[in-house]
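# Close look at the chain arrangement
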Amino acid sequence: MFDSGLLLQGFWQVFQPEVFVFLMIGTVLGIVVGAIPGLTATMAIALLIPFTFQMNPISGIVMLLAIYASGIYGGGIASILIRTPGTPAAAATVLDGYPMAQQGHAGRAIGIATISSGIGGVFSAICLTLFAPILATVALRFSAPEYFALAVFGLVVTMSLAGDAPLKGLAAALAGLLVGMIGLDPIGGFPRFNFGVAELTGGLNFVAVMIGLFSLSEAFRQLETMGTSMPVPPAVRDVLPRLWEILSFWKVYVRSCVFGLVVGVTPGIGAETSSFLSYSETRRTARDPSRFGKGAPEGVAAAQSAENASTGGDLLPMLTLGVPGDAATAVLMGALTIHNLQPGPLLFQDRPDLVHQIFAGMICANVAFVIVGLVGARLFASVVQVDRRVLVPIVCLLSLIGAYAIENNPMDVWVTLIFGVVGWLMQRNGYPVSPLVLAVILGGMMESNLRRALVMGQGDVAMFLDRPIALAILAAAALTFVAVIRRMRRA
Amino acid sequence: MVARRRAPDYAAAGILVMLAVVIVWESTRWPAAAAFAGNPTLVPHSLAVLMVVTAIAIAWFAGAGMPAERGHAAGALLAIGATAALAALLPVLGVIGAGIPYLFALQRACGAPGRVSAISAFVTPIALYAVFAKGLNVPLPIGSLWPMPGG
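These lines cover the structure that appears in this document, whether it is placed above or below. These numbers were taken from a predicted model, which means no experiment stands behind them.

Further remarks concern the overall build of chain A. Scanning chain A from terminus to terminus reveals 21 helices and two strands. For 491 residues, the compact-globule estimate of 2.2 N^0.38 gives 23 Å, and chain A sits close to it at 22 Å. With the principal axes as the frame, chain A shows a C-alpha extent of 70 × 55 × 45 Å. Per-residue burial over chain A gives 65% buried out of 491 residues. A separation threshold of at least 6 residues defines the contact pool for chain A, and within that pool the share at least 24 residues apart is 79%. Accessible surface, chain A: about 17,500 Å² in total, of which carbon and sulfur atoms supply 64%. Charged side chains in chain A number 27 positive and 26 negative. The centres of these two groups are separated by 11 Å.

A few words on the overall build of chain B. Summing up its helical and strand segments, chain B has four helices and zero strands in all. The order of α-helices and β-strands along chain B, N terminus first, is α-α-α-α. Counting all 151 residues of chain B, 38% fall into the buried class. For chain B, long-range pairs separated by at least 24 residues make up 57% of all intrachain contacts whose partners lie at least 6 apart in sequence. When the accessible surface of chain B is split by element, carbon and sulfur atoms take 73% of a total near 8,300 Å².

On to the side chain of T83 of chain B. Summarising the element assignment, T83 of chain B is placed in helix α3 (residues 73-110). The contacts of T83 of chain B, once residues within four sequence positions are left out, are L216, F220, L400 and L417 of chain A together with Y102 of chain B.

A few words now on the pattern of salt bridges. Residue and element names in this part refer to chain A. Summed over all chains, the structure comprises 13 salt bridges over all chains. As a salt-bridge pair, R108 and E245 come within 2.4 Å of each other at their nearest N and O atoms. Separated by 137 residues along the polypeptide, R108 in helix α6 (residues 106-139) and E245 in helix α10 (residues 243-247) bring together distant segments of the chain. Judged by relative accessible area, which is 27%, R108 ranks as partly exposed. Between R192 and E447 there is a salt bridge, with the nearest N and O atoms lying 2.8 Å from each other. A residue pair is termed long-range when its members are at least 10 positions apart, and R192 in strand β2 (residues 191-192) and E447 in helix α20 (residues 434-456) qualify at 255 residues. Both residues of the pair, R192 and E447, belong to the buried class. If you follow the salt bridges from partner to partner, you end up with D185, R192, E447 and R451 in one network.

Further remarks concern the nonpolar core. Among the nonpolar cores identified, the biggest contains 212 residues, and I49, I77, L81, I110 and F220 of chain A together with F132 of chain B are the most heavily contacted of them. Taken together, domain 1 (6-60) and domain 2 (73-135) of chain B each give at least three residues to this core, which thus spans both. Those residues in contact with F132 of chain B that lie beyond four places of it in its chain are P50, F51, I401 and A405 of chain A together with N137, V138 and L140 of chain B. In this structure, Y279, F292, A296 and A303 of chain A belong to the second largest nonpolar core, which totals five residues.

It is worth spelling out the interface of chain B and chain A at this point. Frequently, the measure chosen for interface size is the accessible area removed from exposure when the parts meet. Contacts between the two partners involve 67 residues from chain B, matched on the other side by 58 residues from chain A. For the chain B and chain A pair, buried surface summed over both sides reaches about 5,300 Å², with 78% attributable to carbon and sulfur atoms. Where chain B meets chain A, there are one salt bridge. Note that K168 of chain A is salt-bridged to D9 of chain B, the shortest N-O span being 3.8 Å. Our count for the contact surface shared by chain B and chain A stands at four residue pairs in polar contact (both at pLDDT 80 or more). For the side of chain B that touches chain A, the elements supplying multiple residues, two or more each, are α1 (2-27), α2 (42-60), α3 and α4 (114-135) of chain B. Counting residues per element, the side of chain B that touches chain A draws most heavily on α3 of chain B, which supplies 19 residues. Split into classes, the residues belonging to the side of chain B that touches chain A amount to 50 nonpolar, 13 polar and four charged.

About the thresholds
- Residues numbered from 1 in each chain as written.
- Chains lettered and ligands numbered in written order.
- Predicted model: local features only at pLDDT ≥ 70, side-chain atom pairs only at ≥ 80, totals over all residues.
- Heavy atoms only, no water.
- Helix = DSSP H or I, 4+ residues; strand = E, 2+ residues; numbered from the N terminus.
- Rg over C-alpha atoms; globule rule 2.2 N^0.38 Å.
- Buried < 20%, exposed > 50% of the residue type's maximum accessible area, 1.4 Å probe, protein only.
- Contact = heavy atoms within 4.5 Å.
- Areas by Shrake-Rupley, 256 points an atom, 1.4 Å probe, with all protein chains shown as cover.
- Lys, Arg positive; Asp, Glu negative; His and termini not counted.
- Charge placed at Lys NZ, Arg CZ, Asp CG, Glu CD.
- Salt bridge = Lys/Arg side-chain N within 4 Å of Asp/Glu carboxyl O.
- Core = buried A, V, L, I, M, F, W, Y, C linked by side-chain atoms within 4.5 Å.
- Domains from an automatic or database assignment.
- Buried area = accessible area lost by both parts, 1.4 Å probe.
- Polar contact = N/O pair within 3.5 Å; in protein donor to acceptor, adjacent residues only side chain to side chain.
- Nonpolar A, V, L, I, M, F, W, Y, C, P; charged D, E, K, R; others polar.

Printed below as a string of structure tokens:
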């Protein structure tokens, strides 16, 4: 359960110099990466996992959490200044942020975006702190059938990551299931799908796969459009917003925080959905909706607070159930496992100290980007103009070096390169890569738990009928599947 | 135009069918199951069936949905070739020896100014080596071509 004493100890730990310095490094890196169009927080987390190998676990995890939270916020800077979302989540910020900048209020828009993101982020981190231990306590009663059902539910929801083309999401997820099967059979222990290659007997290195799919493939995508130059951003002045203005948005914040949290907890949909939902609702309920799209500060506040409010919700199922809800949390889950920390209810039982340090780290990360973002606004504004012709090749080099550093294995370098090419080809043809990554994680969980469940039931599939929670989750998966298919038919 | 939009979906369907065949072929070499509950082919065979069904559906609806944004593939293909060369040369030339020419060549090919490319290509691999090998104590390849320090 939630323990305020452990949380205070967690804050104490985060403020130790060896952790705090990485919190600040992560915050600055996250804002910079988020502000550069084309680079995402997920990419930055995947790229920087190898840097955390030799750190103590909490330093590395806090740094990655800071990149996650501040990367989501940083996307809004490019949206406001050059009308190009730094990250997909910041697309709704363009609608009113850019018109504000065009009217000479770029600094004010960035200030409102920073404070709003901070409010949403801190709210969701507090909710994570309060609700995660409760969910973990419930999940302690789960057994193989429930975990199998959860994995099936997660896999069905990953189809929705493909937007209006869920078939493509399904194809990517099926490919991911096969990738996850390479290695040893989870029950029998014999090698499978290694095709006689000894290095494949232990399976593919998950981090190498993620670096390939999220970093290298994105770098290849950027190299396709290298000719386009970034527009010059307007001057950034008077960043600190007035207190009365922020207080006047209280209704917007309440609505956005709730939207963000609910959307975040729902697997498969993330910050971009919550920001658009919150923006539309704020516009619909406004006294004068015609102001929206022409530089309404509430529009910026609604979009930014909702996108950061989804971060804590995204982390909730990953930490408590071991089921990542989106690509960024899948990568974070990979980072945790590298430090021998297996997300799930047992983590709360075995390492409550570390779990509360993660909560404290998440709260601090959301406060840190507000301070750093306001102080360094002018500096971060200039980052949107960084020369991608220099930066993207460095990302390619860093991807390969990072892959090598995982286990000093040249094989991992080739795995990263192959998945970089696969990811590039998939994205180029409208096939999303996130379902593939989620399926690699969920596939192992699904297969091993299905087979354990069947052993428990002595081969009788009807045993699921005696497990109400598993049955309810499977029913939810079936309903989700039907909804996705109906959406596809409409599209 | 429509045929061009359908081609990737037909290719994806073909790959899925091929993967399904590989799964079934590979599973014939696994130990025989003692019982249904312990059957190691249960999930892989279900996956193969799903792959074939999905492949048929993808081929049926080929070209549906919004086309993906595309740029010029030449830039990406150049980078893929250069990165493959880097992967092959890393154990031989090491991070610094292979990284400097790789970065310089790729940055110049992308159109970056010569002086900026030269400085960045020289500094970045050395900095990365210093951070990983010295700062984080993670050994990186120094290259088998060069004599070992003290060796």
